[in-house]
Amino acid sequence: MFSLTAFLNKILIYRYKNYFKKYQRASQSIERVQSDKLKSYINKNAHTVFGRDHNFYSIKNYQSFIKNVPLTEYEDYKSYLNKIKTGQSHVLTFENPICMEPTSGSSGLPKFIPYTQTLLKEFEIGIGVWIYKLFKLSPKTFYGKQYWVTTPPLRKNYEFGNIRVGLHNDTEYLSKMGRLIMTQTMSIDNSLMKFNDSDDFFKQTLIALLNDINLSFISAWSPSFLLQLDSFLRKNYNQIVSGISNFQRRSELLRLGENSTWKEYWKNLEIVSCWTDASSVIWKKSLLKSLGKSVRIQPKGLLATEGIITIPIDIKGTHVLSLLSHFYEFKLLDNSVVRAHELKSHDIATVIITTGGGLYRYNTHDLVKVNNVRDGICEFTFLGRDNKTSDLVGEKLNEQHVVELLEVINESMGIEINCFIIEGVIEVNSAYYLAHIEANIPVDDFQLNQIQTLSEKVLRKNIYYDQAINSGQLKSLKIQLEQKGFHQKLLKNYSKFHNIKFGDIKLPSLFDLGELNKISYGN
């Protein structure tokens, strides 16, 4: 039986087959491909303000590149961004930005990342390699409609001179043909972007999704967003189902009821792509339970506003570098910097990127571990942020320690934890860490004591934390069990404070001293 949706999906997928073949060839000569990428950036942008300031004309190879261009932070681009804002051309790149994409910065102030056509093409290449590989692994995933989570801009309406701020939706990462096809194969359309109230947005999104019996693929960022959607569905099931236009479909859903799995609601649903690493690990079990046994979760690769870093090449979540997208460097724990082909198994490093959007040797502060090197290709795990560190009394606790703790609790305790975050607390003559926990099931005092004991055992593997406890400078971790709804309230307030869409939020597992109070997490 002919399916227009499957036919259109195949057109796009076979376009991405070319990207995949190029990626396979590139994997055989990583050093050369990355050197060519760097050379292209230097040659094309030599006439720019940044290029002149950093002697691009004299750069002939990687060694002269790192001699003339130091590692950079966002603050290093402020003068260049001001020039772009006032209308000056060819500041960071030979192209002028088509928009400025905001992302969360410290203290709630946004960072504006310039998006050029070249940068969007770099994103699409990485996305294309991922999509084609996923099709080869699971063809049925693309037999039906897709839902790529796009949430309305619940952030402030920013201005950046005469340049548009923000992409309208995720399809803008694709070519014109890609956007055209995706608009025909999506379960929902952009009309949902008009809903600024999250409850209205959830309701209308679920009505649109439940109307579509052919949904086969969901791509989201945060699993917590999907769990929010699931919770809203079950709490408001009859009201949502009453909005289903097709009588037969509405009757079927009423028969299924609010306690069914997503696989029962959408019989063709095959794959859900979302984060499952770092702090997102705690939501995987709950999400799998809601989805149903036969729906598989593919861990999403590492993609930041600034650039795409890794892409998945199998269902279980093996992530490799998106070689054709940008030029990559890696800052090791000893502060030395190496290139992609120089990485070794078990290396832990911060990712440095140079992109077609005009970021040069940009420190992403994303910390990754090389799990394995297979035929010269590194397999990565995202560990967290290297600049998310708490140091109340010299204990040097960072997000990587908390992520390790989350993984241990997730494996050892039979408790579905909906939220687990840690903050530092300083009181008169004492300092300690407080863990806020929200569970999906009742938790008794014995279980809380188990979590506390297990948490201390893991955290004290950090020698500085252990020394701080032994010296009496730091008291043992305290556990605070939060009421139902704590996590959802935290997400909403975090979204408002950092001015980012709630569907894009990746909550940190470690909060700075006083940070939770600033965002009024419990109010």
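Here, every reference points to the structure presented above.
Please read all numbers here as calculations on a predicted model, not as lab measurements.

A. Local environment of the environment of K506. Within the secondary structure layout, K506 lies in the loop between α17 (486-498) and β19 (510-511). Of the residues examined, K506 reaches a relative accessible area of 24% and is grouped as partly exposed. Along the primary structure K506 and W221 are separated by 285 residues, whereas in three dimensions their C-alpha atoms are 8.1 Å apart. Residues contacting K506, with those up to four places away along its chain left out, are W275, D277, S280 and F382.

B. Fine view of helix α9 (residues 223-235). If you check α9, its first and last C-alpha atoms are 18 Å apart, about what 13 residues at 1.5 Å a residue would give, namely 18 Å. Burial in α9 covers these residues: P223, S224, F225, L226, L227, Q228, L229, D230, F232 and L233.

C. Structural context of the pairing of strand β12 (residues 362-374). One ladder, built from five bridges, connects strand β11 (residues 348-354) with β12; its direction is antiparallel. Along β12, the bridge assignment pairs I353 with Y362. Pairing of β12 with strand β13 (residues 377-385) involves eight bridges; the strand directions are antiparallel. Counted as the bridge partner of V373 is C378 from β13. Turn length for the β12-β13 hairpin, with the two strands adjacent in sequence and antiparallel, is two residues, and the turn residue D375 shows positive phi of about 55 degrees.

D. Structural context of the sheet that holds strand β7 (residues 310-312). What the seven strands build is an open sheet, ordered β7-β8-β13-β12-β11-β9-β10; its pairing is antiparallel. At either margin of the open sheet sits one strand with a lone partner, and together these are β7 and β10 (337-339). Along the sheet, successive strands turn relative to each other by an average axial angle of 50 degrees, direction set aside. Where strand β8 (residues 319-321) and β13 come together, two bridges link them in antiparallel fashion. Across the sheet, residue H319 finds its bridge partner in β13, namely F380. Across the sheet, helix α2 (residues 30-44) lies against β9 (327-332), β10, β11 and β13, angled at about 110 degrees from β9, the strand it touches most.

E. A look at the packing of helix α1 (residues 4-26) against helix α7 (residues 176-185). One can describe the packing of α1 onto α7 by two numbers: an axis separation of 9 Å at closest approach and a directional angle of 155 degrees. The orientation of α1 relative to α7 falls into the category roughly antiparallel. In the packing of α1 onto α7, the handedness of the crossing is left-handed. In this structure, α1 uses T5, L8, N9, I11, L12 and R15 to contact α7, whose residues at the interface are M177, G178, I181, M182, Q184 and T185. Counted by class, the contact of α1 with α7 contains six nonpolar, five polar and one charged residues.

F. Geometry of the side chain of T48. Mapped onto the elements of the fold, T48 is located in the loop between α2 and α3 (49-53). The exposure class of T48 is buried, given its relative accessible area of 1%. Here the side chain of T48 touches G51 through a polar contact of 2.9 Å, landing on its backbone nitrogen. The residues touching T48, leaving out its near neighbours within four places in the chain, are H90, V91, L92, T93 and F94.

G. Expanded view of helix α5 (residues 78-85). The set of residues buried in α5 consists of Y80, L81 and I84. Angular distribution of buried residues about the axis of α5 spans 100 degrees; they occupy a single face of the element. Just beyond α5, the residue with positive phi is G87, at close to 100 degrees.

H. Structural context of empty space enclosed by the protein. Under the defined criterion, the tally for this structure stands at eight cavities of 30 Å³ or more. Each pocket or cavity is described by its volume, and for the largest cavity that value is around 200 Å³. Looking at the largest cavity, it is lined by 17 residues, and the ones nearest its centre are I127, W130, W221, K300 and L303. Counting residues per element, the ones that place at least two in the lining of the largest cavity are α6 (117-137) and β7. The element that contributes the greatest number of residues to the lining of the largest cavity is β7, accounting for three residues. A per-class count over the lining of the largest cavity returns 12 nonpolar, three polar and two charged.

Rules used in this analysis
- Residues numbered from 1 in each chain as written.
- Predicted model: local features only at pLDDT ≥ 70, side-chain atom pairs only at ≥ 80, totals over all residues.
- Heavy atoms only, no water.
- Helix = DSSP H or I, 4+ residues; strand = E, 2+ residues; numbered from the N terminus.
- Buried < 20%, exposed > 50% of the residue type's maximum accessible area, 1.4 Å probe, protein only.
- Contact = heavy atoms within 4.5 Å.
- Expected span 1.5 Å × (residues − 1).
- Pairing = 2+ DSSP bridges.
- Axes fitted to C-alpha atoms, helices over the stretch in contact; angles between N-to-C directions.
- Parallel < 35°, antiparallel > 145°, perpendicular 65-115°, else oblique.
- Left-handed = near helix turned anticlockwise from the far one by under 90°.
- Nonpolar A, V, L, I, M, F, W, Y, C, P; charged D, E, K, R; others polar.
- Polar contact = N/O pair within 3.5 Å; in protein donor to acceptor, adjacent residues only side chain to side chain.
- Arc of directions from axis to C-beta.
- 1 Å grid on protein atoms, 1.4 Å probe; cavity = no way out; pocket = protein on both sides within 12 Å on 5 of 7 lines; lining within 4 Å.
- Points joined across faces, edges and corners; volume = space filled by probe spheres on them.

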